[in-house]
Amino acid sequence: MRSRHGSSGPVRRIATAFVWCVVAADLLLILWIALTSVRGSADILHQAFGLPLPPHFGNYAKAFDEGGFGPAALNSVVVSTASSLVAVVLAAPCAYALARRRTRTSSALTMTFAMGLGVPGQVLVVPLFVGMAQVDLTDSQFGLTLVYVGLAMPFTVFMLTGFFSGIPAVLEEAAALDGAGPLRSFVQVVLPVARGGLITAFLLQFISAWNETLFALVLTHSQEQITLPVALASFVASAQLNGLDYGTMFAGVCVILAPMIALFSWMGTRIIQGMTVGIGK
């Protein structure tokens, strides 16, 4: 026993040191992006690493005015929030049915949802574009929201199935004895108990939709419908012709990163615990 603890001690310290090194590198990268976003382009070209002396806060105003990051940010909020909410609303009853009905059919459906996690998005781009074009849903926030909901269903159902499986069935039996039907038991008993899993599923889908670029780039093209990642890509593409404005580009990156950093700082522990509990079960 002593030799085992003695051998695991140095390994654990090395692993902990490695993790802290990765964390420090990530924090330094975020700090560098934030500082570079308020520097001038000439200063950045002359010296990549440096302090903003003086700071150019006009980069953010230029990003919102010329880069179109203002409307794109609003589109990202609308699409991400709507797709996350609809995905959780649709996935919750599906996951509950799969968790409670222990049959061959339910096991096969659960496996089907799990297999959907392995389908690469590049395979779906062309069929989705053709189908959405036929029903006139390209360059539309509603169409992009539908796509995000479909992409979110495999992971959301798979994760929520683990949460519902961990809820004791005795709670529903007690509700049935009190005269509650299946729908009432699900809404008034199961959903409040699984609130942590529902919040985690919503946050994970929101993060995924906020950062998604491929489908947004293919399915939207007008300035009124594009999201933040597409606005950044369009700004970089246009700036390459007129001279790349690095300060404004990094300001746009900060606009995309800031909500995610705030979200993880506020609810990072809940997200990690929810993923571990839901998938582990």
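## Re the side chain of T36
Part 1: You can see T36 is positioned in helix α1 (residues 2-36).
Part 2: At 2.6 Å, the side chain of T36 and the backbone oxygen of W32 are in polar contact.

## Remarks on the environment of F49
Part 1: One can find F49 in the loop between α2 (41-46) and α3 (58-65).
Part 2: Sequence separation between F49 and L35 is 14 residues; the distance between their C-alpha atoms is 9.0 Å.
Part 3: Apart from the residues within four sequence positions on either side, F49 is in contact with W32 and R39.

## A word on the nonpolar core
Part 1: Membership of the largest hydrophobic core comes to 35 residues, with the highest contact counts inside it found for F69, Y148 and L228.
Part 2: Looking at this core, the elements that each hand over two or more residues are α4 (69-100), α6 (121-134), α7 (141-165), α10 (195-211), α11 (214-219), α12 (228-242) and α13 (246-280).
Part 3: Filtering out sequence-adjacent residues up to four positions away, Y148 remains in contact with V79, S83, Q205, A209, E212, F215 and A216.
Part 4: Counting residues in hydrophobic clusters, the runner-up holds 20 residues, among them V88, A95, A99 and V157.

## Considering the confidence of the model for the protein
Part 1: Confidence in the prediction for the protein averages 81 pLDDT; 90% of positions are at 70 or higher.
Part 2: For the protein, the element scoring lowest by mean pLDDT is helix α5 (residues 104-116), at 72; α11 scores highest, at 90.
Part 3: Of the regions scoring below 50 in pLDDT, residues 1-7 engages in zero contacts with residues more than four places distant in sequence or in other chains.

## What to know about the layout of surface pockets
Part 1: Volume-wise, the largest pocket comes out at about 540 Å³.
Part 2: Along the wall of the largest pocket there are 24 residues; nearest its centre are L151, A152, P154, Q205 and S208.
Part 3: The class makeup of the residues in the lining of the largest pocket is 15 nonpolar, eight polar and one charged.

## Notes on the packing of helix α8 (residues 170-177) against helix α9 (residues 182-193)
Part 1: Between α8 and α9, the least distance of the axes is 10 Å, while the angle of their chain directions is 150°. With respect to each other, α8 and α9 are oriented roughly antiparallel. Both α8 and α9 take part in a crossing whose hand is right-handed. Residue-level contacts link L171, E172 and A175 of α8 to S185, V189, V190 and V193 of α9.
Part 2: Classifying every residue of the contact of α8 with α9 by side-chain character gives five nonpolar, one polar and one charged.

## Focus: the packing of α4 against α9
Part 1: Contact geometry of α4 with α9 gives a least axis separation of 12 Å together with a crossing angle of 90°. With respect to α9, the element α4 is oriented roughly perpendicular. Contact residues: α4 offers A92, P93 and Y96, while α9 offers F186, V190 and L191.
Part 2: In the contact of α4 with α9, the residues fall into six nonpolar, no polar and no charged.

## Some thoughts on the packing of aromatic side chains
Part 1: Taken as a whole, this structure holds eight aromatic pairs when the rule is applied.
Part 2: Relative to F49, the ring of W32 has its centre 5.6 Å away and its plane inclined at 40°; by these criteria the two rings are tilted. Of the two residues, W32 sits in helix α1 while F49 sits in the loop between α2 and α3, which places them 17 residues apart along the sequence.
Part 3: Its relative accessible area of 61% is what places F49 among the exposed residues.

Criteria and thresholds
Per chain, residue numbering runs from 1 following the sequence as it is written. It should be noted that, the model being predicted, local features are given only for residues of pLDDT at least 70 and side-chain atom pairs only at 80 or more, the latter also being counted only at that level, while totals for whole chains, interfaces and linings use all residues. Neither water nor hydrogens contribute to the side-chain values; these are computed over all heavy atoms in the structure. Only DSSP runs of H or I with at least four residues qualify as helices, and only runs of E with at least two residues qualify as strands; both kinds are numbered from the N terminus onward. The definition of a polar contact used here is a pair of N or O atoms within 3.5 Å, where within protein one atom must be able to donate a hydrogen and the other to accept one, and adjacent residues in sequence count solely through side-chain atom pairs. Contacts: residue pairs with any heavy atoms within 4.5 Å of one another. Working definition of a nonpolar core: buried Ala, Val, Leu, Ile, Met, Phe, Trp, Tyr and Cys residues. They are joined through side-chain atoms within 4.5 Å. Only protein chains enter the accessibility calculation, which uses a 1.4 Å probe; a residue is then buried when its area is under 20% of its type maximum, exposed when over 50%, and partly exposed in between. The predictor rates its confidence in each residue with pLDDT, a number between 0 and 100. Cavity: a set of points on a 1 Å grid over the protein atoms alone where a 1.4 Å probe fits but cannot get out. Pocket: an open set with protein on both sides within 12 Å along at least five of seven lines, its lining residues, like those of a cavity, having an atom within 4 Å of a point. Grid points are joined across faces, edges and corners, and a volume is the space filled by probe spheres set on the points. In this count, Pro and Cys sit with the nonpolar residues alongside Ala, Val, Leu, Ile, Met, Phe, Trp and Tyr, while Asp, Glu, Lys and Arg are called charged and the others, Gly among them, polar. Every axis corresponds to a line fitted to the C-alpha atoms, with the helix fit spanning only the stretch in contact, and the corresponding angles, defined between N-to-C directions, vary from 0 to 180 degrees. Angle categories are assigned with fixed cut-offs, so that under 35 degrees is roughly parallel, over 145 is roughly antiparallel, 65 to 115 is roughly perpendicular, and the rest are oblique. Crossing handedness follows the turn of the near helix against the far one: under a right angle anticlockwise gives a left-handed crossing, and clockwise gives a right-handed one. Pairs were defined over the aromatic rings of Phe, Tyr and Trp, the Trp ring being its six-membered one, requiring ring centres within 6.5 Å. Orientation was assigned from the angle between planes: stacked under 30 degrees, edge-to-face over 60, tilted for the rest.

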